[in-house]
Amino acid sequence: MTPILLIHQIDRHEGAWTILPLMRDFSVTHGSNSSWIFFCEEDTRIQVIKLLETLRRFEKSKEWFLGKALYDEESTIIHHYAFAENPTVFKFPDFAAGWALSIPLVNKLAKKLKSEPLKSDFTIDLKHEIALYIWQKGEGPHLTPVPEFCTDDVNSYKADHCATTFSNFLPLCGEPVNKEDVFVAVKTCRKFHGDRIPVVKQTWEREAALIEYYSDYADISIPTVNLGVPNTDRGHCGKTFAILERFLNHTSPRTPWLVVVDDDTLISIFRLRKLLSCYDPNEPVFVGERYGYGLGTGGYSYITGGGGMVFSRAAVQKLLASKCRCYSMDAPDDMVLGMCFSGLGIPITHSPLFHQARPMDYPKDYLSHQIPISFHKHWNIDPVKVYFTWLAPNTEESRNGKKVGYNREDL
């Protein structure tokens, strides 16, 4: 019998989701009675017999790191511009296809982690960072690509040879939440009123029934609300907490969801409403793209702000009742929120459909099995074009192989 472990139930570690802190547990518990540890996502579908046949091709006494290989076509900020001279040389696994470590490699990693604890820094893109850690600057194994680890849809003709497949659909747990159940707060400032706000108005504003623009200046042509919080060049903690207070005290208590985005966030409210059907807004829920800070040394997880932060009203109520606040007005709002929710024992909910960066900052093969909810930043792109290519409601059809609007290869 193959034991199945659910990482969210391994709660001894705040950073269990980053996998590496679990290596010693895996080594102790499974090191003597298993040959492989296979990791996958909740929507990965596995043909167990085919998976076992595939793994048997590899000598289990050796150190193997197996997966479907992704690589950067250009060096990217989310990987700290690693391998800038030729980013295509470094391969990392697509978690959706599943990936495997042989037990000798698990034991080696566990031993290394015992003598050299993980450094206390940021976890941004876990799949790339795990591959870097295993590679150990050339001393450890590279990822070995395995063609049977696939992200094709289970019904695709391409999936016949696959041990794994992936369901690329938006979670839908009932009717999408009503438009009027989602209040959208856009963070902006006077210097961006002229270039960023028009993009929002040309793209996703029409999807939002309830939307306000929060600035350091009241501009009636937009209109913006001056929160009385000066703009800062660094973090926007003071502004974000003012938005949370305003949501609680000045919007209908019947509005269950708050979305906080930057003025250069591109988002599909249409798709978000489907995702939110899976959560109970009477519970404290905090959803977005998860990053980590100092998780090897008792740090915390947080939702990175650029991709959009989604709060249930219950989460905002618990947070503000707790008196956990910014340590300075220009502290990073997303990290302070992560710290506060961690202290309250409220777990954050990760969705890989939110993105802190632009489409070209991710491998094409990674995005090809996603229906994204957001992207962030306007650097060197046409943001209107990106929205209509990747996020507009009518691009749902492109999942069926029909090209709608612009060609994604151009972006």
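Every value quoted in this text rests on a predicted model; they were computed, and no experiment measured them.

> Explain the overall build of the protein chain to me, using residue names and the numbers behind them.
The number of helices and strands found in the protein chain is 11 helices and 20 strands. In terms of overall dimensions, the protein chain is globule-like: its C-alpha atoms have a radius of gyration of 22 Å, near the 22 Å expected for 411 residues. Reported as C-alpha extents along the three principal axes, the dimensions of the protein chain are approximately 70 × 50 × 45 Å. Sorting the 411 residues of the protein chain into buried and exposed places 53% on the buried side. Of the roughly 19300 Å² that the protein chain leaves accessible, carbon and sulfur atoms contribute 51%. Across the protein chain, the mean location of the 45 positive side-chain charges is 2 Å away from that of the 50 negative side-chain charges.

> Quick one: what's the story with the UniProt feature "domain: Fringe-like glycosyltransferase" (unreviewed entry) in the protein chain, residue by residue and with numbers?
Feature annotation in UniProt places "domain: Fringe-like glycosyltransferase" (unreviewed entry) on residues 31-114 and 176-386, given in this structure's numbering. Within the segment residues 31-114, helix and strand shares are 25% and 21% respectively, and the terminal C-alpha atoms sit 15 Å apart. In residues 176-386, the share of helix is 27% and the share of strand is 21%. The end C-alpha atoms are 24 Å apart.

> Give me the lowdown on the pattern of salt bridges, citing residues and values where you can.
One pass over the full model with this rule turns up 15 salt bridges. Lys 364 is the salt-bridge partner of Glu 73, the closest N and O atoms lying 3.5 Å from each other. Note that Glu 73 is positioned in the loop between β4 (69-70) and β5 (92-93) and Lys 364 in helix α10 (residues 364-367), a separation of 291 residues in sequence. Given a relative accessible area of 48%, Glu 73 falls into the partly exposed group. The class of Lys 364 is partly exposed, set by a relative accessible area of 37%. Each of the salt bridges in this network shares a partner with another, and the network as a whole consists of Lys 187, Asp 262 and Asp 333.

> Go over helix α1 (residues 23-30) with me, naming the residues and quoting the values.
Those residues of α1 that sit buried are Met 23, Phe 26, Ser 27 and His 30. Considered in projection along α1, the buried side chains sweep an arc of 105° and stay on one side of the axis. Contacts made by the buried residues of α1 are with β1 (36-39), β6 (99-102) and α3 (103-115).

> Outline the state of the cysteines, listing residues and values.
A complete count under the given rule lists four disulfides for this structure. Between Cys 173 and Cys 278 runs a disulfide, and the two sulfur atoms are separated by 2.0 Å. What sets the handedness of the Cys 173 and Cys 278 disulfide is the S-S torsion sign, and at about 85° it is right-handed. Taken together, the positions of Cys 173 in the loop between β9 (164-166) and β10 (182-187) and Cys 278 in the loop between α7 (269-276) and β15 (286-288) put the pair 105 residues apart, joining distant regions of the chain. In the protein chain, the cysteines engaged in disulfides, taken in order along the sequence, are linked 1-2, 3-5, 4-7, 6-8. Note on Cys 40: no disulfide assigned, nearest cysteine sulfur contributed by Cys 150 at a separation of 14 Å.

> Mind laying out the packing of aromatic side chains, listing which residues take part and the relevant values?
In total, this model carries 20 aromatic pairs according to the counting rule given. Plain terms: the ring middles of Tyr 291 and Tyr 302 are 5.9 Å apart, the flat faces sit at 80° to each other, and that makes the pair edge-to-face. Of this pair, Tyr 291 sits in strand β16 (residues 290-293) while Tyr 302 sits in strand β17 (residues 300-303), and the two are 11 residues apart along the sequence. By relative accessible area, which is 5% here, Tyr 302 ends up buried. Taking 5.7 Å as the distance between ring centres and 70° as the angle between the ring planes, the aromatic pair formed by Phe 375 and Trp 390 counts as edge-to-face.

> Please set out the pairing of β10 residue by residue, giving values where relevant.
A large share of β10 lies buried, amounting to six of its six residues. Residues Val 182, Val 184 and Val 186 of β10 are buried on one face, and the alternating residues Phe 183, Ala 185 and Lys 187, pointing to the opposite face, are buried as well. Bridge count for β10 against strand β13 (residues 257-262) is six bridges, and the pairing is parallel. Among the inter-strand pairings, Ala 185 is bridged to a residue of β13, identified as Val 260. Relative to strand β11 (residues 210-215), β10 is paired through five bridges, and the arrangement is parallel. Counted as the bridge partner of Phe 183 is Leu 210 from β11.

> Tell me about the packing of helix α6 (residues 237-250) against helix α8 (residues 313-321), and please be specific about residues and values.
At a closest axis distance of 10 Å, the pairing of α6 and α8 adopts a crossing angle of 115°. Viewed along their axes, α6 and α8 form a crossing whose handedness is left-handed. Only Arg 313, Val 316, Gln 317, Leu 319 and Leu 320 of α8 make contact with α6, whose side of the interface consists of Phe 241, Leu 244, Glu 245, Phe 247 and Leu 248. Looking at side-chain class alone, the contact of α6 with α8 contains seven nonpolar, one polar and two charged residues.

> Run through the sheet that holds strand β8 (residues 144-145), naming residues and quoting values.
Ordered by their spatial adjacency, four strands build an open sheet running β1-β6-β3-β8, and the pairing between neighbours is mixed. Of all strands in the sheet, those with a lone pairing partner are β1 and β8, marking the two edges. Bridge count between strand β3 (residues 65-67) and β8: two bridges; the pairing is parallel. Across the sheet, Gly 67 pairs through a bridge with Pro 145, a residue of β8. The strands touched by α3 are β1, β3 and β6; relative to β6, the strand with the most contacts, the crossing angle is about 75°.

Cut-offs and rules
- Residues numbered from 1 in each chain as written.
- Predicted model: local features only at pLDDT ≥ 70, side-chain atom pairs only at ≥ 80, totals over all residues.
- Heavy atoms only, no water.
- Helix = DSSP H or I, 4+ residues; strand = E, 2+ residues; numbered from the N terminus.
- Rg over C-alpha atoms; globule rule 2.2 N^0.38 Å.
- Buried < 20%, exposed > 50% of the residue type's maximum accessible area, 1.4 Å probe, protein only.
- Areas by Shrake-Rupley, 256 points an atom, 1.4 Å probe, with all protein chains shown as cover.
- Lys, Arg positive; Asp, Glu negative; His and termini not counted.
- Charge placed at Lys NZ, Arg CZ, Asp CG, Glu CD.
- UniProt positions renumbered as here; feature names shortened; annotations may be inferred.
- Salt bridge = Lys/Arg side-chain N within 4 Å of Asp/Glu carboxyl O.
- Arc of directions from axis to C-beta.
- Contact = heavy atoms within 4.5 Å.
- Disulfide = S-S within 2.5 Å.
- Phe/Tyr/Trp six-rings, centres within 6.5 Å; stacked < 30°, edge-to-face > 60°.
- Pairing = 2+ DSSP bridges.
- Axes fitted to C-alpha atoms, helices over the stretch in contact; angles between N-to-C directions.
- Left-handed = near helix turned anticlockwise from the far one by under 90°.
- Nonpolar A, V, L, I, M, F, W, Y, C, P; charged D, E, K, R; others polar.

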